[in-house]
Amino acid sequence: MGNITGIHHVSLKTSSDIEYEKTVSFYSDILELPIVRTWNKGIMFDTGNGLVEIFNDGEGALPKGMIRHFAFAVNDVDAVITKVKNAGYEVFIEPKDIVIPSEVPFPARIAFCFGPLGEEIEFFMEK
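This section reports on the structure supplied with the text. All figures in this text were calculated on a predicted structure; none of them were measured in a lab. (Residues numbered from 1 in each chain as written. Predicted model: local features only at pLDDT ≥ 70, side-chain atom pairs only at ≥ 80, totals over all residues. Heavy atoms only, no water.)

Considerations on the sheet that holds strand β5 (residues 70–73)
Here we have four strands laid out as an open sheet, ordered β5-β8-β7-β6, and mixed in their pairing. Strand pairing shows two members of the sheet lacking a second neighbour, β5 and β6 (91–100), which therefore form its edges. Each neighbouring strand pair of the sheet contributes to a mean axis angle of 25 degrees, computed without reference to strand direction. (Pairing = 2+ DSSP bridges. Helix = DSSP H or I, 4+ residues; strand = E, 2+ residues; numbered from the N terminus. Axes fitted to C-alpha atoms, helices over the stretch in contact; angles between N-to-C directions.)

Rendered as structure tokens:
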């Protein structure tokens, strides 16, 4: 492997104080990610093997980017999705078992939801 050692963080940008507070609440209260650090216009959460960074300095509606989704490794897809649904967030792919048809088949359980900024979040459990 070259000089890259992993993904350090995924960054999200909010466009208002209300949107920022809702987003921080989603990642801290619903997904229960621990806070690593905060500063004047931002916060970082620990995912266990990378960070989610949220900034409160966007202006107006932010355009959609090229990233399709990001995935959290989880121990229990169904439990996370229950919390997400109970908090009122849209689940657009319910928990289901899949097998990625790679050279060695790769079984997993997955589900997807929209986060508070419209970001697509996958919850992924290797089987």
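Here the narrative resumes.
A look at helix α2 (residues 77–86)
Given 3.6 residues per turn, any residue in an α-helix points the same way as the ones three and four places further on. Looking at α2, one finds that the buried residues are Val77, Val80, Ile81 and Val84. Buried residues of α2, seen end-on, are gathered within an arc of 95 degrees and therefore sit on one face of the element. Where α2 is buried, its residues meet α1 (17–30), β6, β7 (106–114) and β8 (120–126). Where α2 begins, the side chain of Asp76 points an oxygen toward the backbone nitrogen of Asp78, at a separation of 3.2 Å. Once α2 finishes, Gly88 follows within two positions and takes phi at roughly 90 degrees, a positive value. (Buried < 20%, exposed > 50% of the residue type's maximum accessible area, 1.4 Å probe, protein only. Arc of directions from axis to C-beta. Contact = heavy atoms within 4.5 Å. Polar contact = N/O pair within 3.5 Å; in protein donor to acceptor, adjacent residues only side chain to side chain.)

Thoughts on the pattern of salt bridges
By the definition in use, this model includes six salt bridges. Close ionic contact of Glu32 with Lys83 constitutes a salt bridge, the shortest N to O distance being 2.4 Å. Of this pair, Glu32 sits in the loop between α1 and β2 (35–39) while Lys83 sits in helix α2, placing them 51 residues apart in sequence. You can call Glu32 exposed: its relative accessible area is 55%. (Salt bridge = Lys/Arg side-chain N within 4 Å of Asp/Glu carboxyl O.)

Details of the nonpolar core
Counting residues in hydrophobic clusters, the biggest one holds 26 residues, and the most contacted among them are Phe26, Tyr27, Leu31, Phe72, Val84 and Phe123. Listed by contribution, the elements that provide at least two residues to this core are α1, β3 (42–46), β4 (51–55), β5, α2, β7 and β8. Top contributing element to this core by residue count: α1, with five residues. In this structure, Tyr27 is in contact with Leu12, Glu32, Leu33, Phe45, Val52, Ile54, Phe70, Phe72, Glu119 and Ile121, ignoring residues within four places of it in sequence. (Core = buried A, V, L, I, M, F, W, Y, C linked by side-chain atoms within 4.5 Å.)

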